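So the chains spell out like this:
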Amino acid sequence: MSVAEDFHRLYGAAPEGVWQAPGRVNLIGEYTDFNDGFVMPLALPHTAVAAVSRRTDGRLRVHSADTDQGVVQLDVDALEPLGHAGWAAYPAGVVWALREAGHPVTGADIHLASTVPTGAGLSSSAALEVVTALALNDLYGLGLAARELAVLGQRAENAFVGVPCGVMDQMASACCTEGHALYLDTRDLSTRQVPFDLDARGLRLLVVDTRVKHALGDGAYAERRAGCEAGARALGVRTLREVEFAHLSDALRRLGDETVRSYVRHVVSDNRRVERTIALLDAGDVRAVGPVLTEGHASLRDDLRVSCPELDLAVSSAIAAGALGARMTGGGFGGSAIVLVEAVDADTVAKAVVEAFAAAGHTAPRVFPAVPSAGARRVG
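Given the structure is predicted, the values throughout are model-derived calculations rather than measurements.

Enquirer: What's the story with the UniProt feature "binding site: Mg(2+)" (unreviewed entry) in the protein in this structure? I'm lost.
Expert: Here, UniProt's "binding site: Mg(2+)" (unreviewed entry) annotation points to Ser 125 and Glu 157. Across 33 residues of sequence, these annotated residues stay compact in space, with a maximum C-alpha separation of 8.3 Å. Its location among the elements puts Ser 125 in helix H3 (residues 124–139). According to the relative accessible area criterion, Ser 125 is buried, its value standing at 15%. Not counting residues up to four positions away in its chain, the partners in contact with Ser 125 are Tyr 90 and Glu 157. Inspection of the secondary structure puts Glu 157 in helix H4 (residues 146–161). Beyond its immediate sequence surroundings of up to four residues, Glu 157 is in contact with Tyr 90, Ser 125, Ala 126, Glu 129, Gly 162, Val 163, Cys 165 and Gln 170.

This is the structure:
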């Protein structure tokens, strides 16, 4: 049954429209977005789909095909930050953020279904936020641009849900285009669509979903953000974006706290890795991106300490089997890794990773290709 048909069954009438927004993988640039830094995500073909109609009575009804929970009914005037738990907080948070910004959203009926794996570091929450924001933007004629919808989604996640994420996930879901990676400067939200046609070069980018669930609201993500902010204060800059890679050694010598020092080292060096990746892609040297990815994983593992045994095994076993490079992607503590590999070696590398997980006694990972896909759009 389609999302529109499910909507009709739930609410007794056809929806006014259907929209979808993708999850994402981040090629390079991790924990840099809340430091005003650089990131380079690409949208996945996996999407959150929403069938939506307006309401004029101040009621918000939301339902997900992916949970056993029934229809959640809320009063839009009574929406309060941190007042809701679970998946419904994401669409409810978007309604709250729109209304807080002065937009006349008087309610909605929403039915959602998603193919973005949850807890896999692939931005399932951002996909829910962006698809809700886009639908309401269209239905209420708000005239907001894609990047404005992304910022509203981030506001919903930060203030309403309580996760202090940067804006990368929402910008990727809202703004990516098919066949490209999105080079994003998170300080001014300027973007550049960078061609990323792996098929044409005989390459694949694999996603290894370790099936280890992460929960960024548990404090570990917030602690690292706080540590980065402490480093910026100690260095006398507004954000770590202002610390140039050429001056990193001098900056690190000025920091007394070893944990803060390691966080600063990661962020500044990962910003540099984004710049290196851009230069390699512009030069057509896509294979040379592989070692940059692997270097980035070592930094996330050792300096930021956000990896886990399963992610480390995914990376090491892929490289041992002939991958060009690999790293964890997303917030870490579980989730997914990405692997850059020759297309002819993709099956061999995937098999090696699965076998390594079995030998270690881990749950079998899910391995699939990351195909650079389109951002959020109306589909019905």
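Enquirer: Looking at this model, I keep getting lost on the layout of surface pockets. Mind explaining?
Expert: Empty pockets left among the atoms are what a rolling probe the size of a water molecule brings to light. What the second largest pocket holds in volume is close to 220 Å³. As for the second largest pocket, its lining consists of 19 residues, and the residues nearest its centre are Phe 34, Asn 35, Asp 36, Arg 225 and Thr 239. Where the lining of the second largest pocket is concerned, the elements lending two or more residues are H4 and helix H6 (220–235). In terms of residues, the lining of the second largest pocket owes the most to one element, H6, which gives five residues.

Enquirer: Is there a simple way to think about the sheet that holds strand E7 (residues 180–185) in this case?
Expert: Sheets are built from strands that pair by backbone hydrogen bonding, the pairs being arranged parallel or antiparallel. Read across the open sheet, the three strands follow the order E2-E7-E8; overall the sheet is antiparallel. Either end of the sheet is taken by a strand with one partner, and the two such strands are strand E2 (38–39) and strand E8 (190–195). Bridge count between E7 and E8: six bridges; the pairing is antiparallel. Among the inter-strand pairings, Asp 185 is bridged to a residue of E8, identified as Ser 190. Against the sheet, helix H5 (residues 168–175) makes contact with E2, E7 and E8, and its axis sits at roughly 135 degrees relative to E7, the strand it touches most.

Enquirer: Explanation requested: the packing of aromatic side chains in the structure shown.
Expert: In this description, an aromatic ring pair is defined by two values, namely the gap between the centres and the angle between the planes. Across all of its chains, the model carries six aromatic pairs by this definition. Considering the side-chain rings of Phe 7 and Tyr 11, the 4.7 Å spacing of their centres and the 65 degrees angle between planes classify their relative orientation as edge-to-face. Taken together, the residues span about one helical turn, with Phe 7 and Tyr 11 both in helix H1 (residues 3–11) at a distance of four residues. Here Phe 7 matches Tyr 11 in class, with each residue buried. Relative to Phe 160, the ring of Trp 96 has its centre 5.6 Å away and its plane inclined at 40 degrees; by these criteria the two rings are tilted.

Enquirer: Explain the side chain of Thr 210 here, please?
Expert: As for its placement among the helices and strands, Thr 210 is situated in the loop between strand E9 (203–209) and H6. At 2.6 Å, the side chain of Thr 210 forms a polar contact with the backbone oxygen of Gly 335. Ignoring any residue separated from it by four or fewer positions in sequence, one finds Thr 210 in contact with Glu 310, Leu 311, Gly 334, Gly 335, Ser 336, Phe 357, Thr 363 and Pro 365.

Enquirer: Would you take a moment to explain the UniProt feature "site: Transition state stabilizer" (unreviewed entry) in the protein for this structure?
Expert: Per the UniProt record, the feature "site: Transition state stabilizer" (unreviewed entry) sits at Arg 24. Assignment of secondary structure puts Arg 24 in strand E1 (residues 17–26). Among residues more than four places away in sequence, those in contact with Arg 24 are Pro 41, Leu 42, Ala 43, Leu 44, Gly 121, Leu 122, Ser 123, Met 168, Asp 169, Ala 172 and Gly 330.

Enquirer: Would you explain the pattern of salt bridges in this entry?
Expert: Any two side chains of opposite charge can pair, so long as their charged atoms come close to each other. Applying the stated criterion across every chain, the model contains 26 salt bridges. The salt bridge involving Glu 229 is made with Arg 225; its shortest N-O contact spans 3.3 Å. Of this pair, Glu 229 and Arg 225 both sit in helix H6, separated by four residues, roughly a single helical turn. Owing to a relative accessible area of 35%, Glu 229 belongs among the partly exposed residues under this scheme. Glu 355 is the partner of Lys 351 in a salt bridge, and the nearest nitrogen-oxygen pair spans 2.5 Å.

Definitions and limits used
- Residues numbered from 1 in each chain as written.
- Predicted model: local features only at pLDDT ≥ 70, side-chain atom pairs only at ≥ 80, totals over all residues.
- Heavy atoms only, no water.
- UniProt positions renumbered as here; feature names shortened; annotations may be inferred.
- Helix = DSSP H or I, 4+ residues; strand = E, 2+ residues; numbered from the N terminus.
- Buried < 20%, exposed > 50% of the residue type's maximum accessible area, 1.4 Å probe, protein only.
- Contact = heavy atoms within 4.5 Å.
- 1 Å grid on protein atoms, 1.4 Å probe; cavity = no way out; pocket = protein on both sides within 12 Å on 5 of 7 lines; lining within 4 Å.
- Points joined across faces, edges and corners; volume = space filled by probe spheres on them.
- Pairing = 2+ DSSP bridges.
- Axes fitted to C-alpha atoms, helices over the stretch in contact; angles between N-to-C directions.
- Phe/Tyr/Trp six-rings, centres within 6.5 Å; stacked < 30°, edge-to-face > 60°.
- Polar contact = N/O pair within 3.5 Å; in protein donor to acceptor, adjacent residues only side chain to side chain.
- Salt bridge = Lys/Arg side-chain N within 4 Å of Asp/Glu carboxyl O.

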